[in-house]
Amino acid sequence: MDRLKSFLQTGKVTDAQEYEPLNENPESSEGASNSHHHATADDVPFSWVEYSIFTLLGVAMLWAWCDRLNMFLAAAPYFQNRFQEDDWALQNFQPAILSVSTLTNLGSMLVLTNIQYSASYPFRINLALYINVTVFALLTISTRAFLDISATTYLAYLLCMVALTAWAAGLIQNGALAFAASFGRPEYMQAIMAGQGVAGVLPPLIQVISVLVAPPQDSLQDTDGVSSEIGTAAFIYFLAAVIMSILAIVAFIPLVQRHNHIVENQMIEQMAASMTSVEEAERASRKVVSMAMLFRKLHWLAGGVFMCFVAAMFFPVFTPKILSVTPPEEGGSLLQPAAFIPLGFFFWNLGDLGGRYSTLLLPYTKRPAVLFAVSIARLMFLPLYGLCNLHGRGAIINSDIFYLVVVQFLFGLSNGWLASNCMMGAGEWIDEGEREASGGFMGLCLVAGLAFGSLLSFTAAGI
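If you check an unreviewed UniProt entry, the protein appears there as Nucleoside transporter from Diatrype stigma. Per its UniProt entry, the protein bears the Sequence similarities (unreviewed entry) comment "Belongs to the SLC29A/ENT transporter (TC 2.A.57) family." According to its UniProt record, the protein has this under Subcellular location (unreviewed entry): "Membrane".

This is the structure:
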């Protein structure tokens, strides 16, 4: 054990020496490498209450993205019902949703990341949550009203809602990540990542349970042409998003008060008599940093989180196509496609959640180049899907355990571990005044990876 610790410590020193030249001068490099110690030891004490609130923000942050991702799960049957009279809309609504959401999300992140000095990150978070409440309330209402409108009109309405949620996702991703970074506690950045993992686990778990409790049947359609069971499921799904956003709004209030208290203490310590507001003091301590400068300091971590989510966006393409190796007539309810497909999503997201929480006990932020290498190595998971039962044609490795555990769970586990370490590590390689900017920049890289991965995943759509 002592030899292992000695080896790890030597590796960290070597990598730190390689990474230091990313800063402009030796003094700033020393400040960046020591900023983590100052933040954790002297500035902001760790609080499990604050950690829990950041976790809830992470859940709310990913909920809009989960809604788009789970078009393959809970919401897909509802939209297929709404578009059944229009072949073009039925075939293209999923790519249209994905394209509008990712491009809008990426565009908003590019704009927000470049607005640093005058940024109010709490305002961005609150605005995003209020937008989500409004949008999901409208979607909830749409499951009960205006059921007789044309498929084209509903698709236009749906894409407008998706664009708004994508804009809100950009606001909360930029705001929450920058806000968490301002506390100087890497655990709070990890909390947001963990919350996203929780948001990923819940929908497929609920779907699996619902199928086991009430196996799908050929439900009768109501007079408006939309299955009442499917409409009810969509109603509950969208209503849950409204409730989640409202909870996040309420929970965020004490976190803002805590942040303002920290800034006020800094004002007193710095004898900032000329400053009349928290916002003025916050901006005075904030450094405006170009994305080029941030990339020079964080290029390994930025590349790592980008490649992490490029690879991750292939799993929603393969998972709906892989069935159990047990013939339907021989398997139980859990092995039927209606349950087995969301079970595949659940195992991936369970691994992702476990990976994100593992960084609390096993952080690995001192060797950014290794994290980037891991992000490239994860691409090796993609060919493993070809060994499974794609489209029910038979599997090269005839085992559901191999698919669920080796492919899905480990792929998700590596995703959560890598993403959290990259996001947590960013604060250790920049100066204190650059924390908020680094949080927004890393959020941009994350969204860019999602967008690029989403578009690239269409190359595997025909497999």
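Anyway, onward from the coordinates.
Of the regular secondary structure elements, the protein holds 16 helices and zero strands. Burial status across the protein gives 52% buried among its 463 residues. Here the contacts in the protein between residues at least 6 apart in sequence split such that 87% fall between residues at least 24 apart. Here the protein has roughly 20000 Å² of accessible surface; of this, 66% comes from carbon and sulfur atoms.

All right, on to the packing of aromatic side chains then. According to the stated counting rule, one finds 23 aromatic pairs in the structure shown. Seen from their ring centres, Phe318 and Tyr385 are 4.9 Å apart, and the 10° between their planes marks the pair as stacked. Separated by 67 residues along the polypeptide, Phe318 in helix α12 (residues 315-318) and Tyr385 in the loop between α14 (368-377) and α15 (400-425) bring together distant segments of the chain. By way of ring pairs, the aromatic residues Phe46, Trp48, Tyr51, Phe54, Phe179, Phe183, Tyr188 and Phe252 are connected into one cluster.

Taken N-terminus to C-terminus, the directions of helix α7 (residues 151-182) and helix α16 (residues 435-456) make an angle of 140°; their axes are 7 Å apart at the nearest point. The orientation of α7 with respect to α16, classified from their angle, is oblique. Considering the relative orientation of α7 and α16, their crossing is right-handed. Listed contacts from α16 to Gln173, Asn174, Leu177, Ala178, Ala181 and Ser182 of α7 are Arg435, Glu436, Gly439, Gly440, Gly443 and Val447. Looking at side-chain class alone, the contact of α7 with α16 contains four nonpolar, six polar and two charged residues.

What follows deals with the packing of helix α13 (residues 337-361) against α15. At their nearest, the axes of α13 and α15 sit 6 Å apart, and the two run at 35° to each other. Here the hand of the crossing between α13 and α15 comes out right-handed. Residue composition of the contact of α13 with α15, grouped by class: 14 nonpolar, 12 polar and three charged.

This paragraph deals with the confidence of the model for the protein. When pLDDT is averaged across the protein, the result is 78; 77% of the residues are at 70 or more. The least confident element of the protein is helix α2 (residues 26-43), whose mean pLDDT is 41; the most confident is α14, at 96. Note on residues 1-42: pLDDT under 50 across the span, and 50 contacts to partners over four residues away in sequence or across chains. Throughout residues 218-224 the model reports pLDDT below 50, and contacts reaching past four residues in sequence, or to other chains, amount to 10 contacts.

Before going further, it helps to examine unusual backbone geometry. Phi angles above zero are rare outside glycine, and Phe146 is one such case at about 55°. Look at His391: it is not a glycine, yet its phi comes out positive at around 60°. Topologically, His391 is positioned in the loop between α14 and α15.

On the surface, Trp48, Tyr357, Leu360, Leu361 and Leu362 cluster together into a nonpolar patch covering about 580 Å² of accessible area. The topology assignment puts Tyr357 in helix α13. Taking the relative accessible area as the measure of exposure, Tyr357 reaches 32% and is therefore partly exposed.

Turning our attention to the nonpolar core. Within the largest apolar cluster, 109 residues are counted, with the highest numbers of intra-cluster contacts made by Phe54, Phe83, Phe309, Tyr385 and Met442. A per-element tally of this core places α7 first, with 15 residues. Leaving out residues up to four positions away in the same chain, Phe309 has contacts with Met193, Arg356, Asn415, Ala419, Leu446, Gly449 and Leu450.

Another aspect to go through is the side chain of Gln196. Within the secondary structure, Gln196 is located in helix α8 (residues 186-213). Contacts of Gln196, omitting those with residues within four sequence positions, involve Gly58, Val59, Met61, Leu62 and Arg356.

Time to look at α16. The first and last C-alpha atoms of α16 sit 31 Å apart over 22 residues, in line with the 32 Å expected at 1.5 Å per residue. Extensive coverage of α16 is indicated by the burial of 19 of its 22 residues.

As for its placement among the helices and strands, Ile209 is situated in helix α8. For Ile209, a relative accessible area of 45% puts it in the partly exposed group. Separated by 134 residues in sequence, Ile209 and Leu343 have C-alpha atoms that sit 9.7 Å apart.

Further remarks concern the pattern of salt bridges. The full count for this structure, using the stated rule, is six salt bridges. As a salt-bridge pair, Lys297 and Asp431 come within 3.7 Å of each other at their nearest N and O atoms. Here the residue Lys297 occupies a position in helix α11 (residues 291-312), and Asp431 occupies one in the loop between α15 and α16, the gap between them amounting to 134 residues. Taken as a pair, Lys297 and Asp431 share a single burial class, namely buried. Sharing partners across several salt bridges, the network here consists of Lys297, Asp431 and Glu434.

Conventions and cut-offs
- Residues numbered from 1 in each chain as written.
- Predicted model: local features only at pLDDT ≥ 70, side-chain atom pairs only at ≥ 80, totals over all residues.
- Heavy atoms only, no water.
- UniProt positions renumbered as here; feature names shortened; annotations may be inferred.
- Helix = DSSP H or I, 4+ residues; strand = E, 2+ residues; numbered from the N terminus.
- Buried < 20%, exposed > 50% of the residue type's maximum accessible area, 1.4 Å probe, protein only.
- Contact = heavy atoms within 4.5 Å.
- Areas by Shrake-Rupley, 256 points an atom, 1.4 Å probe, with all protein chains shown as cover.
- Phe/Tyr/Trp six-rings, centres within 6.5 Å; stacked < 30°, edge-to-face > 60°.
- Axes fitted to C-alpha atoms, helices over the stretch in contact; angles between N-to-C directions.
- Parallel < 35°, antiparallel > 145°, perpendicular 65-115°, else oblique.
- Left-handed = near helix turned anticlockwise from the far one by under 90°.
- Nonpolar A, V, L, I, M, F, W, Y, C, P; charged D, E, K, R; others polar.
- pLDDT = per-residue confidence, 0-100.
- Patch = residues over 30% accessible without salt bridge, like charges linked within 9 Å, V, L, I, M, F, W, Y side chains within 5 Å.
- Salt bridge = Lys/Arg side-chain N within 4 Å of Asp/Glu carboxyl O.
- Core = buried A, V, L, I, M, F, W, Y, C linked by side-chain atoms within 4.5 Å.
- Expected span 1.5 Å × (residues − 1).

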